[in-house]
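Chains, contacts and geometry: an overview
Below, each chain spelled out in residue letters.
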Amino acid sequence: SIMQKEGSTVLLKLDMASKVPIYMQIRNQIVLGIASGELAPGEKLPTIRALAEQSGVNMMTVNKAYGLLKQEGYITTDRRGGTVVSGSPGAGALSERYVAALRVIAAEARLTGMDENEFAALCRDIFREGGGGGNA
């Protein structure tokens, strides 16, 4: 599991050497946690300060990740300043950014010699995982 919880502690696996910015890694792991059911709608997330301390990253980095998740509709902040999982954003449509990213992945798959059926099967397997497992 990507995310382990102990009380209000969410332990993320961050790769400091990755080309993926840390705030995006935090955002992605929270989205995967929601998709896999590890983070349930209504569940309280750690404060920005707490998650920064737990993860050993700058508070601004966590703030940027939470800001993005809030903008995308995955989390909400209540009056008392608590951050809560809102579940799915309910948009139904992937943003253009994701469609563009998927185009690149499809092109890379094509260049490795993968055919359309293999690519579709891989996408289906990943989709059915619900965000859990795998090396994300």
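Concerning the side chain of glutamate 72
Positionally, glutamate 72 belongs in the loop between helix 3 (59-71) and strand 4 (75-77). A distance of 3.0 Å separates the side chain of glutamate 72 from the side chain of arginine 27, its partner in a polar contact.

Here we look at the pattern of salt bridges
For the coordinates displayed, the defined rule picks out one salt bridge. Across the salt bridge formed by arginine 27 and glutamate 72, the nearest N and O atoms sit 3.0 Å from each other. With a gap of 45 residues between them, arginine 27 in helix 1 (residues 22-36) and glutamate 72 in the loop between helix 3 and strand 4 connect regions that are remote in the sequence. Judged by its relative accessible area of 5%, arginine 27 falls in the buried class.

Focus on the sheet that holds strand 4
The antiparallel open sheet is built from three strands, whose spatial order is 3-5-4. Whereas interior strands pair on both sides, the edge strands pair on one side only; in this sheet they are strand 3 (44-45) and strand 4. Sheet analysis places strand 3 next to strand 5 (residues 83-85), joined by two bridges and oriented antiparallel. What sits directly across from leucine 45, in strand 5, is threonine 83. Contacts from helix 3 reach strand 3, strand 4 and strand 5 within the one sheet, and its direction differs from that of strand 4 by about 105°.

Looking at the nonpolar core
Across soluble globular proteins, nonpolar side chains show a tendency to be buried alongside one another. Counting residues in hydrophobic clusters, the biggest one holds 19 residues, and the most contacted among them are Ile26, Ile30, Leu45, Val62, Tyr66 and Leu69. If you list the elements that add at least two residues to this core, you get helix 1, helix 2 (48-55) and helix 3. In terms of residue count, helix 1 provides more of this core than any other element does, five residues in total. Setting aside anything within four residues of it in sequence, one finds isoleucine 26 in contact with Leu12, Leu14, Leu51, Val57, Thr61, Val62 and Ala65.

Quick notes on the environment of serine 86
Mapped onto the secondary structure, serine 86 falls in the loop between strand 5 and helix 4 (96-111). With 45 residues separating them in the primary sequence, serine 86 and proline 41 have C-alpha atoms 5.0 Å apart. Those residues in contact with serine 86 that lie beyond four places of it in its chain are Pro41, Gly73, Tyr74, Ile75 and Thr76. A polar contact of 2.6 Å, which involves the side chain of serine 86, links it to the backbone oxygen of glycine 73.

Each value, and the rule that gives it
- Residues numbered from 1 in each chain as written.
- Predicted model: local features only at pLDDT ≥ 70, side-chain atom pairs only at ≥ 80, totals over all residues.
- Heavy atoms only, no water.
- Helix = DSSP H or I, 4+ residues; strand = E, 2+ residues; numbered from the N terminus.
- Polar contact = N/O pair within 3.5 Å; in protein donor to acceptor, adjacent residues only side chain to side chain.
- Salt bridge = Lys/Arg side-chain N within 4 Å of Asp/Glu carboxyl O.
- Buried < 20%, exposed > 50% of the residue type's maximum accessible area, 1.4 Å probe, protein only.
- Pairing = 2+ DSSP bridges.
- Contact = heavy atoms within 4.5 Å.
- Axes fitted to C-alpha atoms, helices over the stretch in contact; angles between N-to-C directions.
- Core = buried A, V, L, I, M, F, W, Y, C linked by side-chain atoms within 4.5 Å.

None of the figures reported here should be taken as evidence of function without further support.
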